[in-house]
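Letter by letter, the chains look like this.
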Amino acid sequence: MVEVTGVVVLVVAGLAASYFRGMRKKVDGLALAEAEPARVARLYLRRVSDANAFWLHMQTTDGRKYCIAAPWELEDTLARLERVGLRLSQEEVSYLNQSFA
(Lines give C-alpha, C1' and ligand atoms only; values in the text may rest on other atoms or scores of the structure.)
Protein backbone atom coordinates (compact mmCIF):
# COMPACT_ATOMS: atom_id res chain seq x y z
CA MET A 1 0.00 0.00 0.00
CA VAL A 2 2.87 2.35 0.77
CA GLU A 3 4.29 1.79 -2.74
CA VAL A 4 0.98 2.70 -4.36
CA THR A 5 0.71 5.86 -2.28
CA GLY A 6 4.28 6.78 -3.21
CA VAL A 7 3.57 6.33 -6.92
CA VAL A 8 0.36 8.38 -6.70
CA VAL A 9 2.22 11.17 -4.90
CA LEU A 10 4.96 11.17 -7.56
CA VAL A 11 2.44 11.26 -10.41
CA VAL A 12 0.45 14.10 -8.84
CA ALA A 13 3.65 16.05 -8.12
CA GLY A 14 4.79 15.56 -11.72
CA LEU A 15 1.47 16.72 -13.10
CA ALA A 16 1.44 19.77 -10.83
CA ALA A 17 5.00 20.70 -11.80
CA SER A 18 4.15 20.32 -15.49
CA TYR A 19 1.03 22.47 -15.11
CA PHE A 20 2.88 25.29 -13.34
CA ARG A 21 5.77 25.16 -15.81
CA GLY A 22 3.34 25.45 -18.72
CA MET A 23 1.46 28.31 -17.10
CA ARG A 24 4.70 30.16 -16.41
CA LYS A 25 5.84 29.72 -20.01
CA LYS A 26 2.47 30.98 -21.27
CA VAL A 27 2.57 34.05 -19.03
CA ASP A 28 6.22 34.71 -19.93
CA GLY A 29 5.43 34.46 -23.64
CA LEU A 30 2.52 36.87 -23.41
CA ALA A 31 4.58 39.30 -21.31
CA LEU A 32 7.38 39.11 -23.90
CA ALA A 33 4.95 39.83 -26.73
CA GLU A 34 3.54 42.86 -24.92
CA ALA A 35 6.93 44.21 -23.79
CA GLU A 36 8.88 43.59 -27.00
CA PRO A 37 6.50 43.21 -29.96
CA ALA A 38 9.42 43.51 -32.39
CA ARG A 39 10.66 40.10 -31.19
CA VAL A 40 7.45 38.39 -32.36
CA ALA A 41 7.97 36.75 -35.74
CA ARG A 42 4.40 35.50 -36.09
CA LEU A 43 1.15 34.72 -34.34
CA TYR A 44 -0.71 31.63 -35.45
CA LEU A 45 -3.59 29.39 -34.47
CA ARG A 46 -3.63 25.67 -33.76
CA ARG A 47 -6.93 23.86 -33.95
CA VAL A 48 -8.03 21.60 -31.12
CA SER A 49 -8.54 18.25 -32.80
CA ASP A 50 -11.74 17.21 -31.05
CA ALA A 51 -13.50 20.59 -30.81
CA ASN A 52 -14.14 23.67 -32.90
CA ALA A 53 -11.64 25.76 -30.96
CA PHE A 54 -8.15 27.21 -31.37
CA TRP A 55 -5.06 27.79 -29.23
CA LEU A 56 -3.06 30.94 -29.96
CA HIS A 57 0.67 30.43 -30.48
CA MET A 58 3.56 32.80 -30.98
CA GLN A 59 6.96 32.35 -32.57
CA THR A 60 9.76 34.76 -31.72
CA THR A 61 12.51 35.95 -34.04
CA ASP A 62 14.98 33.61 -32.31
CA GLY A 63 12.76 30.60 -33.13
CA ARG A 64 11.23 29.97 -29.69
CA LYS A 65 7.57 29.05 -29.66
CA TYR A 66 4.99 29.79 -26.99
CA CYS A 67 1.37 28.81 -26.52
CA ILE A 68 -0.03 32.08 -25.22
CA ALA A 69 -3.81 31.65 -25.13
CA ALA A 70 -6.30 28.88 -24.58
CA PRO A 71 -9.51 28.84 -26.64
CA TRP A 72 -11.51 30.56 -23.88
CA GLU A 73 -8.87 33.35 -23.66
CA LEU A 74 -8.48 33.94 -27.38
CA GLU A 75 -10.53 37.14 -27.78
CA ASP A 76 -9.08 38.84 -24.70
CA THR A 77 -5.51 37.94 -25.63
CA LEU A 78 -5.91 39.13 -29.22
CA ALA A 79 -7.32 42.43 -27.90
CA ARG A 80 -4.32 42.82 -25.57
CA LEU A 81 -1.88 42.13 -28.40
CA GLU A 82 -3.74 44.51 -30.72
CA ARG A 83 -2.87 47.36 -28.32
CA VAL A 84 0.85 46.81 -28.99
CA GLY A 85 0.38 46.38 -32.74
CA LEU A 86 0.36 42.58 -32.99
CA ARG A 87 -2.41 40.81 -34.84
CA LEU A 88 -3.13 37.62 -36.71
CA SER A 89 -2.44 37.53 -40.44
CA GLN A 90 -5.39 37.87 -42.80
CA GLU A 91 -5.02 34.20 -43.66
CA GLU A 92 -5.35 33.20 -39.99
CA VAL A 93 -8.34 35.51 -39.48
CA SER A 94 -10.15 34.08 -42.50
CA TYR A 95 -9.36 30.55 -41.27
CA LEU A 96 -10.82 31.44 -37.88
CA ASN A 97 -13.94 33.02 -39.41
CA GLN A 98 -14.54 30.06 -41.73
CA SER A 99 -14.34 27.65 -38.83
CA PHE A 100 -17.11 29.40 -36.95
CA ALA A 101 -19.34 30.11 -39.95
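In this report, we go over the structure that sits alongside the text. (Residues numbered from 1 in each chain as written. Predicted model: local features only at pLDDT ≥ 70, side-chain atom pairs only at ≥ 80, totals over all residues. Heavy atoms only, no water.)

Here helix 2 (residues 74-82) has its buried residues at Leu 74, Thr 77, Leu 78 and Leu 81. Down the axis of helix 2, the buried side of the element spans an arc of 100 degrees, and every buried residue falls inside it. Opposite its buried face, helix 2 presents the exposed residues Glu 75 and Asp 76, each directed more than 90 degrees away. (Buried < 20%, exposed > 50% of the residue type's maximum accessible area, 1.4 Å probe, protein only. Helix = DSSP H or I, 4+ residues; strand = E, 2+ residues; numbered from the N terminus. Arc of directions from axis to C-beta.)

Position of Thr 77 among the secondary structure elements: in helix 2. Thr 77 sits in the buried class, given a relative accessible area of 5%. A distance of 2.9 Å separates a polar atom in the side chain of Thr 77 from the backbone oxygen of Glu 73. In this structure, Thr 77 is in contact with Leu 30, Leu 56, Ile 68 and Ala 69, ignoring residues within four places of it in sequence. (Polar contact = N/O pair within 3.5 Å; in protein donor to acceptor, adjacent residues only side chain to side chain. Contact = heavy atoms within 4.5 Å.)

A separate point is the sheet that holds strand 2 (residues 54-60). Spatially, 1-2-3 is the arrangement adopted by the three strands of the open sheet, whose pairing is antiparallel. Two strands close off the open sheet at either side, each with one partner strand: strand 1 (40-47) and strand 3 (65-69). Here the average twist between neighbouring strands, direction ignored, is 30 degrees. Against the sheet, helix 2 engages strand 1, strand 2 and strand 3, with an angle of about 30 degrees to strand 2. (Pairing = 2+ DSSP bridges. Axes fitted to C-alpha atoms, helices over the stretch in contact; angles between N-to-C directions.)

All we've got here are geometric facts, nothing functional implied.
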